[in-house]
Amino acid sequence: MSESPINLEKEKVNLETSLIPWSELQRFFAGGRAIFVAQELDLVEVAYQLSKDNKTLVQQWLENNQIGHVSDKQAREWFEKASEVWAVVVKPWVLVQEQAAKP
């Protein structure tokens, strides 16, 4: 059974997602291109919907403060803690999501 084009596109996004030190993303933050994704959202789904220009869903996430530019406070905290974040590129943006807390 073949996979649907949507599933294949999401799998491609998933393969492009990686755990990376926040310090390596500083230039994207400085350029205003680092976008946080709230932990309750699926990073791959957000990246996919953004890549498909789903304005309705993206607007909903923006209004609910579930996505948005990484704040100076958050960037400083991640930098000071030498945090690693999940990241995926959806040009021109880099979507970042904090790792789930370890139990």
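Residues numbered from 1 in each chain as written. Predicted model: local features only at pLDDT ≥ 70, side-chain atom pairs only at ≥ 80, totals over all residues. Heavy atoms only, no water.

Here we look at the overall build of the protein
Across its full length, the protein holds five helices and five strands. Ordered by position in the sequence, the α and β elements of the protein form the string α-β-α-β-α-α-β-α-β-β. By the compact-globule yardstick of 13 Å for 103 residues, the protein fits well, its C-alpha radius of gyration being 14 Å. Taken over the C-alpha atoms alone, the protein extends approximately 45 × 30 × 25 Å along its principal axes. Considering the protein as a whole, with its 103 residues, one finds that 34% of them fall into the buried category. In the protein, once contacts between residues fewer than 6 apart in sequence are set aside, the share between residues at least 24 apart is 76%. When the accessible surface of the protein is summed, it comes to about 6,900 Å², and 52% of that surface belongs to carbon and sulfur atoms. (Helix = DSSP H or I, 4+ residues; strand = E, 2+ residues; numbered from the N terminus. Rg over C-alpha atoms; globule rule 2.2 N^0.38 Å. Buried < 20%, exposed > 50% of the residue type's maximum accessible area, 1.4 Å probe, protein only. Contact = heavy atoms within 4.5 Å. Areas by Shrake-Rupley, 256 points an atom, 1.4 Å probe, with all protein chains shown as cover.)

What to know about helix H3 (residues 43–51)
Restricting attention to buried positions, one finds in H3 the residues Leu43, Val44, Val46, Ala47, Tyr48 and Gln49. On the buried face of H3, the contacting elements are helix H1 (5–15), strand S2 (34–37), helix H4 (55–63), strand S3 (67–69), strand S4 (84–90) and strand S5 (93–98). One or two positions beyond H3, positive phi appears at Asp53, with a value near 60 degrees.

Describing the side chain of Thr17
Note on placement: Thr17 falls in the loop between H1 and strand S1 (18–21). For Thr17, a relative accessible area of 15% puts it in the buried group. Within the structure, the side chain of Thr17 is placed 2.9 Å from the backbone oxygen of Val13, a separation counted as a polar contact. Filtering out sequence-adjacent residues up to four positions away, Thr17 remains in contact with Leu43, Val44, Trp86, Ala87 and Val88. (Polar contact = N/O pair within 3.5 Å; in protein donor to acceptor, adjacent residues only side chain to side chain.)

Some thoughts on the packing of aromatic side chains
The full count for this structure, using the stated rule, is two aromatic pairs. Arranged with centres 6.0 Å apart and planes meeting at 65 degrees, the rings of Trp22 and Phe29 form a pair that is edge-to-face. Here the aromatic cluster, defined as three or more aromatic residues joined through ring pairs, consists of Trp22, Phe29 and Trp78. (Phe/Tyr/Trp six-rings, centres within 6.5 Å; stacked < 30°, edge-to-face > 60°.)

Let's talk about the pattern of salt bridges
Overall, the coordinates contain four salt bridges when judged by the stated rule. Notably, a salt bridge pairs Lys55 with Asp53, separated by 3.2 Å at the nearest N-O pair. Here Lys55 falls in the exposed class, since its relative accessible area comes to 57%. When its relative accessible area of 49% is taken as the criterion, Asp53 is described as partly exposed. Among the salt bridges present, the one from Glu77 reaches Lys81, with a minimum N-O distance of 3.5 Å. Under the relative-accessibility criterion, Glu77 is labelled partly exposed at 30%. (Salt bridge = Lys/Arg side-chain N within 4 Å of Asp/Glu carboxyl O.)

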